[in-house]
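Residue-level structure breakdown
Each chain is listed here by its residues.
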Amino acid sequence: QVQLVESGGGWVQPGGSQRLSCAASGRIFSINHMAWYRQCPGKERELVATIFSGGLTNYADSVKGRFTISRDGAKNTVYLQMNSLKPEDTAVYYCYWNVKITYSGNNYAYWGQGTQVTVSS
């Protein structure tokens, strides 16, 4: 069983920066991709950023140029660096990992517990 633990959320002023971390525990054979989602107040959950096994990344248009997703394979950790934050970035942020736990096994999806990011003056 794999567990994801998020950290780094909190309050920040507009224009500020914040970094989220998501660390995995448990046995993982390989990682297909990792992602960050967010759910803004009154809205549906949306995909923010994705990093694939080869290191390629994708971003939602709303965060492109401001957010950076990265990973540390040795630590089994994915990060989301958030710069130039806006009030509309306020949301609960969730990390997501799609992994294989054995060579011959199926793919599995795991979610972090969510962490609140509040951007306001």
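Thresholds applied
Residues numbered from 1 in each chain as written. Predicted model: local features only at pLDDT ≥ 70, side-chain atom pairs only at ≥ 80, totals over all residues. Heavy atoms only, no water. Disulfide = S-S within 2.5 Å. Salt bridge = Lys/Arg side-chain N within 4 Å of Asp/Glu carboxyl O. Helix = DSSP H or I, 4+ residues; strand = E, 2+ residues; numbered from the N terminus. Buried < 20%, exposed > 50% of the residue type's maximum accessible area, 1.4 Å probe, protein only. Phe/Tyr/Trp six-rings, centres within 6.5 Å; stacked < 30°, edge-to-face > 60°. Pairing = 2+ DSSP bridges.

Details of the state of the cysteines
Each disulfide consists of a covalent bond between the sulfur atoms of two cysteine residues. In the structure shown here, the tally under the stated rule is 1 disulfide. As a non-bridged cysteine, C40 has C95 as the owner of its nearest cysteine sulfur, 17 Å distant.

Concerning the pattern of salt bridges
All chains considered together, the criterion is met by 4 salt bridges. When the shortest N-O distance is used, the salt bridge between R38 and D89 registers 3.0 Å. Within this pair, whereas R38 is found in strand β4 (residues 30-39), its partner D89 is found in the loop between β8 (77-82) and β9 (91-100), the two being separated by 51 residues in sequence. The class for R38 is buried, based on a relative accessible area of 3%. Judged by its relative accessible area of 1%, D89 falls in the buried class. In this structure, the salt-bridge partner of D89 is R66, at a minimum N-O distance of 2.7 Å. Taken together, the positions of D89 in the loop between β8 and β9 and R66 in the loop between β6 (57-59) and β7 (67-72) put the pair 23 residues apart, joining distant regions of the chain. For R66, a relative accessible area of 11% puts it in the buried group.

Quick word on the packing of aromatic side chains
Throughout the structure, instances matching the rule amount to 4 aromatic pairs. Here the aromatic rings of Y37 and Y96 are separated by 5.9 Å at their centres, their planes lie at 70 degrees, and the arrangement is edge-to-face. You can see Y37 sitting in strand β4 and its partner Y96 sitting in strand β9, a full 59 residues away along the chain. With centroids separated by 5.0 Å and ring planes inclined at 55 degrees, the aromatic side chains of Y37 and W111 adopt a geometry described as tilted. With Y37 in strand β4 and W111 in strand β10 (residues 107-111), this pair connects stretches of sequence that are 74 residues apart. Here a set of aromatic residues connected by ring pairs shows up, and it is made of Y37, Y96 and W111.

Regarding the pairing of β8
Among the 6 residues of β8, 5 are classified as buried, and the element is accordingly described as predominantly covered. Here strand β3 (residues 18-25) pairs with β8 via 6 bridges, running antiparallel. Its bridge partner lying in β8, L20 is registered against L80. As defined by bridge partners, β7 adjoins β8 across 6 bridges and the pair is classed as antiparallel. The residue bridging F67 from the neighbouring strand is M82, located in β8.

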